[in-house]
Amino acid sequence: MALQDADALFQHKIDNEIKIEPKDFMPEAYRKTNIRQISQHAHSEIVGMLPEANWISRAPSLKRKAILLAKVQDEAGHGLYLYSAAETLGTSRDEMINDLHIGKAKYSSIFNYPSLTWADMGVIGWLVDGAAILNQVALCRTSYGPYARALVRICKEESFHQRQGFDSLLVLSKGTPAQKEMCQDAINRWWWPSLMMFGPKDSESTNNDQSIKWKIKRKTNDELRQSFVDMAAEQVKVLGMVLPDEKLKWNSQKNQYDFGEINWVEFWNVVKGNGPCNKQRLAARVKAHEDGAWVREAAIAFAEKRKMKREILKEPAI
Amino acid sequence: MQQVNSANNQTDLIELDSGKVPLWEGFREAFILHLADNALILAQRNSEWCGHGPVLEQDIAITNISLDLLGQARNLYQYAALLINKEPHNLSASSLHSGGKEVTEDSLSFLRTEREFKNCLLVEQPNGNWGYTILRQYLFSVYQFLLYGQLQYSEDENLAAIAVKSLKEVTYHVRWSSEWVIRLGDGTAESHKKMVQALEEVWSFTGELFLPEPYENEAITGFDLVALQHSWLQQITNVLKEATLFSSALNEKVFMQSGGKKGLHTEHMGYILAELQFMQRAYPDAEW
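Residues numbered from 1 in each chain as written. Chains lettered and ligands numbered in written order. Predicted model: local features only at pLDDT ≥ 70, side-chain atom pairs only at ≥ 80, totals over all residues. Heavy atoms only, no water.

What follows covers the nonpolar core. Ranked by size, the top nonpolar core spans 178 residues in total, and within it A:Trp126, B:Trp130, B:Val181 and B:Trp232 carry the most contacts. Broken down by element, this core gets its largest block of residues, 16 residues, from helix α3 (residues 56–86) of chain B. Every residue in contact with B:Trp130, bar those within four places of it in the chain, is listed here: A:Trp294, A:Val295, B:Trp49, B:Pro54, B:Gln58, B:Ile62, B:Trp176, B:Trp180 and B:Leu184. (Core = buried A, V, L, I, M, F, W, Y, C linked by side-chain atoms within 4.5 Å. Buried < 20%, exposed > 50% of the residue type's maximum accessible area, 1.4 Å probe, protein only. Helix = DSSP H or I, 4+ residues; strand = E, 2+ residues; numbered from the N terminus. Contact = heavy atoms within 4.5 Å.)

Residues and elements named next belong to chain B. The interhelical angle for the contact between helix α2 (residues 27–47) and helix α11 (residues 268–276), taken along N-to-C directions, is 80 degrees, at an axis separation of 11 Å. Judged on the interaxial angle alone, α11 and α2 are roughly perpendicular. Counting all contacts with α2, which are made through Leu40, Ile41, Gln44 and Arg45, the residues of α11 involved are His268, Met269, Ile272, Leu273, Glu275 and Leu276. For the contact of α2 with α11, the residue count by class is six nonpolar, two polar and two charged. (Axes fitted to C-alpha atoms, helices over the stretch in contact; angles between N-to-C directions. Parallel < 35°, antiparallel > 145°, perpendicular 65-115°, else oblique. Nonpolar A, V, L, I, M, F, W, Y, C, P; charged D, E, K, R; others polar.)

The next thing to look at is the pattern of salt bridges. Applying the stated criterion across every chain, the model contains 29 salt bridges over all chains. Of the charged contacts, one joins A:Lys71 and A:Glu75 as a salt bridge, the two residues approaching to 4.0 Å between their closest N and O atoms. You can see A:Lys71 and its partner A:Glu75 sitting in helix α4 (residues 62–87), four residues apart, about one turn around the helix. Relative accessible area serves as the criterion here: at 5%, A:Glu75 is assigned to the buried category. Put simply, B:Glu179 and B:Arg175 hold a salt bridge, and the shortest N to O gap is 3.9 Å. Here the residue B:Glu179 and the residue B:Arg175 both occupy positions in helix α7 (residues 157–185), the gap between them amounting to four residues, near one helical turn. Judged by relative accessible area, B:Glu179 falls into the partly exposed class, the value being 36%. Where salt bridges share partners, they join A:Glu52, A:Lys71, A:Glu75 and A:Asp129 into one cluster. (Salt bridge = Lys/Arg side-chain N within 4 Å of Asp/Glu carboxyl O.)

With that out of the way, let us pick up the side chain of A:Ser44. All names here are of chain A. Structurally, the position occupied by Ser44 is in helix α2 (residues 28–47). Reaching out from Ser44, the side chain makes a polar contact with the backbone nitrogen of Ser108 at a distance of 2.8 Å. Contacts of Ser44, omitting those with residues within four sequence positions, involve Tyr107, Ser108 and Phe111. (Polar contact = N/O pair within 3.5 Å; in protein donor to acceptor, adjacent residues only side chain to side chain.)

Now for the confidence of the model for chain B. Residue and element names in this part refer to chain B. Residues at a pLDDT of 70 or more form 87% of chain B, whose mean pLDDT is 89. Here residues 1–23 is modelled with pLDDT under 50, and outside its nearest four sequence neighbours on either side it reaches 29 contacts, counting other chains as well. Here the predicted complex scores 0.92 on pTM and 0.94 on ipTM. (pLDDT = per-residue confidence, 0-100.)

Looking now at unusual backbone geometry. With a phi close to 60 degrees, A:Glu17 is a non-glycine residue in the positive phi region. In this fold, A:Glu17 is placed in the loop between α1 (3–15) and α2.

Here is the structure:
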């Protein structure tokens, strides 16, 4: 089959909502874009464990400690499925992790903000997971089969996390004055970074057009961001708290909320590595990897020894 | 154990504010709190690995064990709270007496002081490297396996039910940690060396596991703790041999550290509680 035909067949499948599978033909750029996106998602799950793990030892009740531990463990699980999904495209987990550690691969910038109080655990669940879900629900219909299937499972767990996050904020919002203050403060700190999770404006995003055509992406950054604002602006009322945006206002003509401008200087700085925790997060991942090197080496050496032993035992006696 | 036997005959009575109470009455609660504290403090230690494990699959595994232990601790604290609330005077000399409130799993874990915690020293030791954590887990899991193996037949139905549930989890912990002890002991020269060192460091904290406090008397627990030591030693010797870590020096008299079960801890304990209890201390009387 001529390459041209293969390309046409590929686009035909995409147009007809037929999933692309690992052994199918795919343009190199499609493969690369998917590896970039899936590995970036995997790295976000793993780095995203850090700001939440920061509060495990200090969770305020045994129940909250168990919920938080289970949640962070789920993130590790998501990282696993995603690395596996990316591996079907011909890369390896080691390669992807190395790219993260040398700064070549990115992860979601939101995790470069610090988790300063217990209320941050609730707000991360509500806003950060909430923003991630909007992105990911749209992606459950993404054209690459293994990624789409991993996302279906991830979305179910993330929705659960978001409810748990909101529930823990609801408790704070009905609590003591100090708890209410803690809740509002955490919303203030995480609101704008959450909006930044949807990426640059459509007019400035370089990956949008081709990704939409290939159905790797199903909705644009601005579309998703608007849905998020509309959702959060209503939910915050249930908490009796406010979003820190004076320009936030219902627009009855457009049937959606108007909202203020993101601080794009901050956005690009955090992307470039100048956020409050960029260095700390990456250093923690690199340290875990380096400290674990002897463990991984020992596991390989042991497996080889056992394999050799089994082979010797299989040899017929002379 | 004369004291306990005579207490069993309800002859020894001590005067408390609330009236005459037999001395042994608080022992059951103390025993349950001791089991709960062991599980909680090891859960707390293991959870420090979350997000920092040597490989993703094992990060998940150690977090899972942490969650299991936390679940055991919660069951035990809830049961202890039930008993204490029925007979509040049984928690003698406790910082929880103030206010006359009912105790809960949270007040038992977040509002007792360092000297009131009854966990053994082994579980409060810092994680060290992955090898030390694994070895500590293995030695403790085999102890828990034997202990819950006895407690599942307890006449105390609640305790028996907790033991049956926990035993399923601990069976897996023993399997997982023993496999890692063998893998690291018999892996590379470097991993072997690290495991030898870990064993030397951890060993002196193992004796306390089988050194019974009055609240661990057979009359309270329904089994002889000292008798478990033989099975424990046999089981771990087999694994340590397979891991090429067995040393006859282990059988020689090593001076064993003890005190945790009486509330005499190592210096690490204060820092564990400082983190664990921070929120409840900083925001008293808040619901979370």
